[in-house]
Structure formats: structure tokens, C-alpha cells
Amino acid sequence: MRQFFVKDKPVIGNYAKLDGEDSFHLLRVLRKEEGADILLAYEGTQFLGKLHIIEDEAFVMVEEQLPDEGEGSRLVLCQGVGKSQKTELVLKHATECGIDGFIPIQTDRSVANLSKKYDSKRKRFEKIAEEAAKQSNRRLIPDVGDLWTVDDLVDNLSEEDVLVVCYEGEEERDIMDLSFEKKGTVYVLIGAEGGLAPREVKLLEGKGIFVTLGDSILRTETAGIVASYVVRRLMERGRA
């Protein structure tokens, strides 16, 4: 069943109109027919309805509001900026894995530098997050935050937040051993190519929980996706 995000709150018993791009995709690409079941998402709430085609445009007759999942901790992936399209790849698949927010981190060892072009890049990231959320039937599109450094991340942590630092130098604490009881935001930090610099590691000591992702050294893009999935599943298991 396909899901689409809408800007206005659906009303049961009324039509909800899909925007032009979604309407075209549904009717011309997916070739959905009259009466197909369609999910609509509005500010974290899902609605179920039937497709109606009126003058070659897609409308959804809203039939019911689905139960909410309940509030829990937010999961934000803080991904070290990588070369080429690595950061975009991570954002796409981490959205499918369940992140609620995404913050690109300009680390000391980042080869690529987004500082001077982040405004345009952010729009691209937001589009990727929206498309991935549609594809995976997410109730919310992950927020794409400002471009931060590790210093910014540390400065913005609150007492209720949890910072998980995925670090190749950690040997004792495995990511699978984590549990989440607080109701603040869970931040997961992944370094760029080459990992975190010694200065950043020292800055993070006492601020975050250092964990290993296993015996293998993962690429930055692989680590971001794996860590997002594992932490989301642990949060769901612990009903964080």
C-alpha cells in the first residue's frame, strides 16, 4: 500500500487531494486504479482511504484514522560528511531504518566540505528524506538539521539526551548491549572517512557512550545505516 504526505489534515468522509507530483506518480508511474487503498500521513498520523480519479487527478476519500504509535524518544543520526554522494546514501537508507532526524557533521577529518554550499545541499537532503519516508511508509519525514561540528553537537546536548558514539577504538561496549530508558533525544554519531580525530574523541569523553559495531571496520556510509537500524530496534524493544 502506498503512502503520501499531505499538507492539510485529512477529514474522514471528505476528499484529500494529492499534489501534482504525487498524483502523476500514482496514476502514470504506479498505474493505480480507482478504488485502490491509499495511506495518507499528516504530522505523524496516518489515514486510510480509497483512490478516486477525477479529471485525471488523484483524490483520496478518507475512511479512517489509524491508531497513533505513541510518543517515544527521537532518534537523530549525526553523520560525518563523506565524499561524493555517501551522505545522501546514508540519509536515504537511515530514513528507511527509522531515524527521526538527520544532522550532517563537518568533522575534522571530513574530506568534503559543505560549509559554503549547505543551503542548497540541505534542500537536496530534505527531498531525499521525503522520498525515502514515502517509500517506507514512515509517519513523519525526518528533520534535516543545520550543518554542525562535533563541538556544536556537544554544546547542544541536554541532560535528558543520550549520545551514542560509534568508535572503532572502542573494544569493550558493544552497540547491542545498549538500553534506553530516558525520554530525551538519542543521538548517534558516526565519523567521516578516517574516523574521529583525537581532538574530537577527547571532547566527547564523558559526554557520550562509546560503542563498537563489531570486529569489522565499516565504511562510514555502512556504519551510519547499520547503527541507525540497530539503535531503532533497541529503542523499540525497550519502548523508549
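Only a predicted model underlies this, so the values are computations on that prediction, with no experimental measurement involved.

Calculation notes
In every chain, residue numbers begin from 1 and rise along the written sequence. Given that the model is predicted, a residue must reach a pLDDT of at least 70 before its local features are reported, and side-chain atom pairs must reach 80 or more before they are shown or counted; all residues, however, enter totals for whole chains, interfaces and linings. With hydrogens and water excluded, all non-hydrogen atoms of the structure serve as input to the side-chain values. For the purposes of this entry, the term helix denotes a DSSP run of H or I that reaches at least four residues, the term strand denotes a run of E that reaches at least two, and both are numbered from the N terminus. Burial status follows relative accessibility: with a 1.4 Å probe on protein chains alone, a residue under 20% of its type maximum counts as buried, one over 50% as exposed, and anything between as partly exposed. Contacts are residue-level and defined by heavy atoms, with any inter-residue pair within 4.5 Å sufficient. For the area figures, the Shrake-Rupley method with a 1.4 Å probe applies, and any residue is considered shielded solely by the protein chains shown. In this count, Lys and Arg are taken as positive residues and Asp and Glu as negative ones, while His and the chain termini are left out. Where a charge sits is defined by one atom per residue type, namely NZ (Lys), CZ (Arg), CG (Asp) or CD (Glu). Buried Ala, Val, Leu, Ile, Met, Phe, Trp, Tyr and Cys residues form a nonpolar core when they are joined through side-chain atoms within 4.5 Å. Ring geometry is summarised as follows: Phe, Tyr and Trp rings, the Trp one being its six-membered ring, pair when their centres sit within 6.5 Å, and such pairs are stacked at plane angles under 30 degrees, edge-to-face over 60 and tilted between the two. Between any two strands, pairing holds if DSSP finds at least two bridges. For helices, the axis comes from a line fit to the C-alpha atoms of the stretch in contact; other axes are also lines fit to C-alpha atoms, and the angle between any two N-to-C directions lies between 0 and 180 degrees.

K.L.:
What am I meant to see in the overall build of the chain here?
P.N.:
Each helix and strand counted, the chain has six helices and 11 strands in total. With respect to the principal axes defined by its C-alpha atoms, the chain has extents near 60 × 40 × 30 Å. The buried share of the chain, reckoned over its 240 residues, is 48%. Within the chain, residue pairs in contact and separated by at least 24 positions form 73% of the contacts whose partners lie at least 6 positions apart. When the accessible surface of the chain is totalled, it reaches about 13100 Å², and 45% of it is carbon and sulfur. Taking the average location of the 34 positive side-chain charges in the chain and that of its 45 negative ones, the two points are 3 Å from each other.

K.L.:
Explain the nonpolar core to me, please; I cannot follow it from the model alone.
P.N.:
Nonpolar side chains in soluble globular proteins tend to end up buried together. If you look at the biggest cluster of nonpolar residues, it comprises 31 residues, and the most contacted ones within it are L77, V164, I175, F180, V186, V188 and V231. Within the residue set of this core, elements represented by two or more residues are β6 (75-80), α2 (86-97), α3 (118-135), β9 (162-166), β10 (186-190) and α6 (220-237). Examining the composition of this core, we find that six residues originate from one element, α6, more than from any other. Leaving out residues up to four positions away in the same chain, V231 has contacts with L75, I175, F180, V186 and V188. Counting 16 residues, the second largest nonpolar core, distinct from the first, contains V76, L163, V165 and L189.

K.L.:
Would you take a moment to explain the packing of aromatic side chains for this structure?
P.N.:
Centre distance and the angle of the planes are the two values used to describe a pair of aromatic rings. What the rule picks out here adds up to four aromatic pairs. The interplanar angle of 80° and the centroid separation of 6.1 Å between the aromatic rings of F102 and F125 together place this pair among those described as edge-to-face. Here the residue F102 occupies a position in strand β7 (residues 101-105), and F125 occupies one in helix α3, the gap between them amounting to 23 residues. A relative accessible area of 0% places F125 in the buried class. Between the aromatic rings of Y167 and F210, the centroid separation amounts to 5.6 Å while the plane-to-plane angle is 80°, which identifies the pairing as edge-to-face. Highlighted residues: Y167 in the loop between β9 and β10 and F210 in strand β11 (residues 209-211), separated in sequence by 43 residues. Judged by relative accessible area, Y167 falls into the partly exposed class, the value being 22%.

K.L.:
It is not clear to me how the sheet that holds strand β2 (residues 15-17) should be interpreted in this structure. Could you clarify?
P.N.:
Backbone-to-backbone hydrogen bonds join strands into a sheet, with any given pair of strands oriented parallel or antiparallel. Ordered by their spatial adjacency, five strands build an open sheet running β1-β3-β4-β5-β2, and the pairing between neighbours is mixed. Since the sheet does not close on itself, it has two edges, and those belong to β1 (2-5) and β2, each with one partner. Looking at each pair of strands side by side, their axes are set apart by 40° on average, direction ignored. Strand direction decides the pairing type here: strand β3 (residues 37-42) and strand β4 (residues 45-54), joined by six bridges, are antiparallel. Across the sheet, the residue bridging to I38 is G49, located in β4.

K.L.:
What am I meant to see in the sheet that holds β6 here?
P.N.:
Overall, parallel pairing links the six strands, which are arranged β8-β7-β6-β10-β9-β11 in an open sheet. Strands at the two margins of the open sheet, each flanked by one partner only, are β8 (143-144) and β11. Examined bridge by bridge, β7 and β8 share two bridges and lie parallel to one another. Of the residues in β8, the one forming a bridge with G101 is D143. Against the sheet, α6 touches β6, β9 and β10, its axis set at about 165° to β6.

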